Amino acid sequence: MEEVKYSKQSNCVYHCHYHIVIVTKYRKKIFNSGVYGFFKKRLIEIQEHYPQIYFIEQNHDRDYIHLLVSIPPKMSVGSVVRIIKSNTARDLKKQYPFLKKCYFGTQSVWSDGYFVSTVGVNEAVIQRYIEYQGREDLGQALLDLK
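Remember, it's a predicted structure, so these values are computed and weren't measured experimentally.

Let us now look at the pairing of strand β3 (residues 17–23). Successive side chains on a regular strand alternate, one facing one side of the sheet and the next facing the other. Taking burial as the measure, the seven residues of β3 include six buried ones, the bulk of the element. Note that β3 and strand β5 (residues 64–70) share seven bridges and pair antiparallel. Residue pairing for β5: Val23 is matched across the bridge by Tyr64. Of the pairings in the sheet, the one linking β3 to strand β6 (residues 115–119) comprises five bridges and is antiparallel in character. The residue bridging Tyr18 from the neighbouring strand is Thr118, located in β6.

Set out below in structure tokens:
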């Protein structure tokens, strides 16, 4: 089993990973290797401006993007999706003029909705953690994932 990595903030330790799928508006097939490469560069810039958002993995098909993202508990998934959509749509339309023609009269290249699913530590690990609670120094022990 792969070791789970925890993130830390001043007031919490967390493991909040989400699988997010964002679909293009009207399911237009706009992603090729060039457009997707540009999209990935924008994700790096988003991560530089929002260092608490960490993009673990990303991939695409012609009309949607898959992301595996670590989001801190203080941020909502919806706000992170909004950040991704607004920043990438604007830059994609600037870089690729054909998108202005595809999406004439609209500001976005993304559909209104999105898919999200949590990705976390499995139930057996949590049960084992609770079972061994109190045997270590008052919650200071690391979660053993083996």
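Bringing a nonpolar patch on the surface into the picture now. Taken together, the side chains of Ile126, Tyr129 and Ile130 make up a nonpolar region of the molecular surface, amounting to roughly 270 Å² of accessible area. By secondary structure assignment, the location of Tyr129 is in helix α4 (residues 123–131).

Before going further, it helps to spend a moment on the confidence of the model for the protein. Per-chain confidence: the protein averages 87 in pLDDT, with 89% of residues scoring 70 or above. For the protein, α4 is the element with the lowest average pLDDT, namely 74, and helix α1 (residues 33–49) is the one with the highest, namely 96.

On to the sheet that holds β6. The strand order across the open sheet built from four strands is β4-β5-β3-β6, with neighbouring strands paired in antiparallel fashion. Edge positions in the sheet fall to β4 (54–60) and β6, since each of these pairs with one other strand and no more. Strand-to-strand twist of the sheet, defined as the mean angle between neighbouring strand axes without regard to direction, takes the value 20°. Lying over the sheet, helix α2 (residues 77–95) contacts β3, β4, β5 and β6, oriented at roughly 45° with respect to β3.

Take the packing of aromatic side chains next. Here the structure, examined in full by the defined rule, presents seven aromatic pairs. Residues Phe38 and Tyr96 carry aromatic rings whose centres are separated by 5.7 Å and whose planes lie at 90° to one another, so their mutual orientation is edge-to-face. Highlighted residues: Phe38 in helix α1 and Tyr96 in the loop between α2 and α3 (98–102), separated in sequence by 58 residues. Taken as a pair, Phe38 and Tyr96 share a single burial class, namely buried. Between the aromatic rings of Phe39 and Trp110, the centroid separation amounts to 5.9 Å while the plane-to-plane angle is 65°, which identifies the pairing as edge-to-face. Here Trp110 lies in the loop between α3 and β6 and Phe39 lies in helix α1, a separation of 71 residues in the sequence. By relative accessible area, which is 1% here, Trp110 ends up buried. By the ring-pair criterion, three or more aromatic residues cluster together here, those being Phe31, Tyr36, Phe39 and Trp110. Just above the ring of Tyr26 sits the side chain of Lys25; from NZ or CZ to the centre is 5.7 Å. Cation over ring: Arg42 sits above Phe38, and NZ or CZ is 4.2 Å from the ring centre.

To continue, consider the side chain of Lys25. Residue position: Lys25 is located in the loop between β3 and α1. No salt bridge is formed by the buried Lys25. Its closest oppositely charged neighbour is Asp112, at 4.1 Å. The residues contacting Lys25, other than those within four sequence positions of it, are Tyr103, Thr106, Ser108, Val109, Trp110, Ser111 and Asp112.

Definitions and limits used
Along each chain, the written sequence defines residue order, and numbers are assigned to residues from 1. A pLDDT threshold of at least 70 governs which residues receive local features in this predicted model, and a stricter bar of 80 or more applies before side-chain atom pairs are shown or counted, although totals over entire chains, interfaces and linings include all residues. Remark: hydrogens and water are excluded; side-chain values derive from all non-hydrogen atoms of the structure. Only protein chains enter the accessibility calculation, which uses a 1.4 Å probe; a residue is then buried when its area is under 20% of its type maximum, exposed when over 50%, and partly exposed in between. Numbering of helices and strands starts at the N terminus; helices are DSSP runs of H or I of at least 4 residues and strands are runs of E of at least 2. At least two bridges found by DSSP between two strands is the condition for calling them paired. Only residues whose relative accessible area exceeds 30% and that take part in no salt bridge are eligible for patches, with like-charged residues grouped when within 9 Å of each other and nonpolar side chains (Val, Leu, Ile, Met, Phe, Trp, Tyr) grouped when within 5 Å. The Shrake-Rupley method, run with a 1.4 Å probe, gives the accessible areas here. Residue values count only the displayed protein chains as cover. We define a salt bridge as a contact between a side-chain nitrogen of Lys or Arg and a carboxyl oxygen of Asp or Glu at a distance within 4 Å. Known as pLDDT, the predictor's per-residue confidence is scaled from 0 to 100. Between the N-to-C directions of two axes lies an angle of 0 to 180 degrees, each axis being a line fitted to C-alpha atoms and, for a helix, fitted only over the stretch in contact. Should any heavy atoms of two residues lie within 4.5 Å, those residues are considered in contact. Side-chain rings of Phe, Tyr and Trp (the six-membered ring for Trp) are treated as a pair once their centres are within 6.5 Å; stacked means planes under 30 degrees apart, edge-to-face means over 60, and tilted covers the remaining angles. Two thresholds decide whether a charge sits over a ring: the Lys NZ or Arg CZ must be within 6 Å of the ring centre and within 35 degrees of the ring normal. Residues scored as positive are Lys and Arg, those scored as negative are Asp and Glu, and His as well as the terminal groups of each chain are ignored.

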